[in-house]
Amino acid sequence: MKEKELQRSRAVLPIGTIMKLTELTARQIRYYEAQSLILPVRSESNRRLYSLNDIDRLLEIKDYLTEGFNMAEIKRVYEKQASRRQQEHRKLTKPVSDADLLDALHNEFLTVGGLKHDGGAFSN
DNA sequence: TTTCTCACA
DNA sequence: TGTGAGAA
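Looking up chain A in an unreviewed UniProt entry gives the name Transcriptional regulator, repressor of the glutamine synthetase, MerR family, with the organism given as Pediococcus damnosus.

This is the structure:
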């Protein structure tokens, strides 16, 4: 089922579509790119092209921002995600599913944000 | 028409 | 972050 992964990563959507789908302004979307939160590819005419994965990430970012996180924290988490993916790739053994990864990241977010006090005995 | 970059309130 | 200018 890797065909789907490729399709999700296939960047073909212009920023206008992203704006409507994420409720974000072009300004914000470009700013997040500057902060390396997303990495859209460029068309031959220098136009930004986003993938479905980018949309997901943008929605997540919007979510975290709503919850009171700042760029630095969000960046930190994505950097961690990147390094984790590399590690998993090297081990080339049992890769973690995206669901597990997101769950772990979300958990870290709650901890870092002080929204969680212990091992997650309760949910918000 | 849409998006891009850059600069300024 | 918003907005406007000038270009592609």
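Moving on, we get to the overall build of chain A. Secondary structure summary: chain A contains 6 helices and 2 strands in total. Relative to its full complement of 124 residues, chain A shows a buried share of 27%. Relative to all contacts within chain A whose residues are 6 or more apart in sequence, the contacts with residues 24 or more apart total 54%. A total accessible area of about 8,700 Å² is found for chain A, and carbon and sulfur atoms account for 52% of it.

What follows concerns the protein's contact with DNA strand B. Taken together, Pro14, Ile15, Gly16, Arg30, Arg42, Asn46, Arg47 and Arg48 form the complete shell of residues around DNA strand B. For DNA strand B, a base oxygen lies 2.3 Å from a polar atom in the side chain of arginine 47. Split into classes, the residues belonging to the surface near DNA strand B amount to 2 nonpolar, 2 polar and 4 charged.

On to the environment of tyrosine 50. As for its placement among the helices and strands, tyrosine 50 is situated in the loop between β2 (48-49) and α4 (52-66). With a relative accessible area of 0%, tyrosine 50 lands in the buried category. Sequence-wise, tyrosine 50 and proline 40 are 10 residues apart; in three dimensions their C-alpha atoms are separated by 5.1 Å. Setting aside anything within four residues of it in sequence, one finds tyrosine 50 in contact with Arg10, Ala11, Val12, Leu13, Pro14, Ile15, Ile18, Ile29, Glu33, Ile38 and Pro40.

The next point concerns the protein's contact with DNA strand C. If you check the shell around DNA strand C, you find Thr25, Arg27, Gln28, Tyr31, Tyr32 and Arg47 and nothing else. The contact atoms of DNA strand C, taken as those within 4 Å of the protein, divide so that sugar and phosphate hold 35%. Within the side chain of threonine 25, one N or O atom sits 2.9 Å away from a phosphate oxygen of DNA strand C. Contact between DNA strand C and glutamine 28: a phosphate oxygen at 2.4 Å from a side-chain N or O atom of the residue. Per-class residue counts for the surface near DNA strand C are 2 nonpolar, 2 polar and 2 charged.

This part is about the pattern of salt bridges. Per the stated rule, a full pass over the model turns up 2 salt bridges. As a salt-bridge pair, arginine 42 and glutamate 33 come within 3.7 Å of each other at their nearest N and O atoms. Given a relative accessible area of 38%, arginine 42 falls into the partly exposed group. Note on glutamate 33: relative accessible area 17%, which makes it buried. Among the salt bridges present, the one from arginine 48 reaches glutamate 33, with a minimum N-O distance of 2.6 Å. Placement of the pair is arginine 48 in strand β2 and glutamate 33 in helix α3 (residues 26-34), with a sequence separation of 15 residues. In this structure, a network of salt bridges that share partners links the residues Glu33, Arg42 and Arg48.

Here we take up the side chain of glutamate 33. A distance of 2.6 Å separates a polar atom in the side chain of glutamate 33 from a polar atom in the side chain of arginine 48. Other than its neighbours up to four places away in sequence, glutamate 33 contacts Ile38, Pro40, Arg42, Arg48 and Tyr50.

Conventions adopted
- Residues numbered from 1 in each chain as written.
- Chains lettered and ligands numbered in written order.
- Predicted model: local features only at pLDDT ≥ 70, side-chain atom pairs only at ≥ 80, totals over all residues.
- Heavy atoms only, no water.
- Helix = DSSP H or I, 4+ residues; strand = E, 2+ residues; numbered from the N terminus.
- Buried < 20%, exposed > 50% of the residue type's maximum accessible area, 1.4 Å probe, protein only.
- Contact = heavy atoms within 4.5 Å.
- Areas by Shrake-Rupley, 256 points an atom, 1.4 Å probe, with all protein chains shown as cover.
- Near = heavy atom within 4 Å.
- Polar contact = N/O pair within 3.5 Å; in protein donor to acceptor, adjacent residues only side chain to side chain.
- Nonpolar A, V, L, I, M, F, W, Y, C, P; charged D, E, K, R; others polar.
- Salt bridge = Lys/Arg side-chain N within 4 Å of Asp/Glu carboxyl O.

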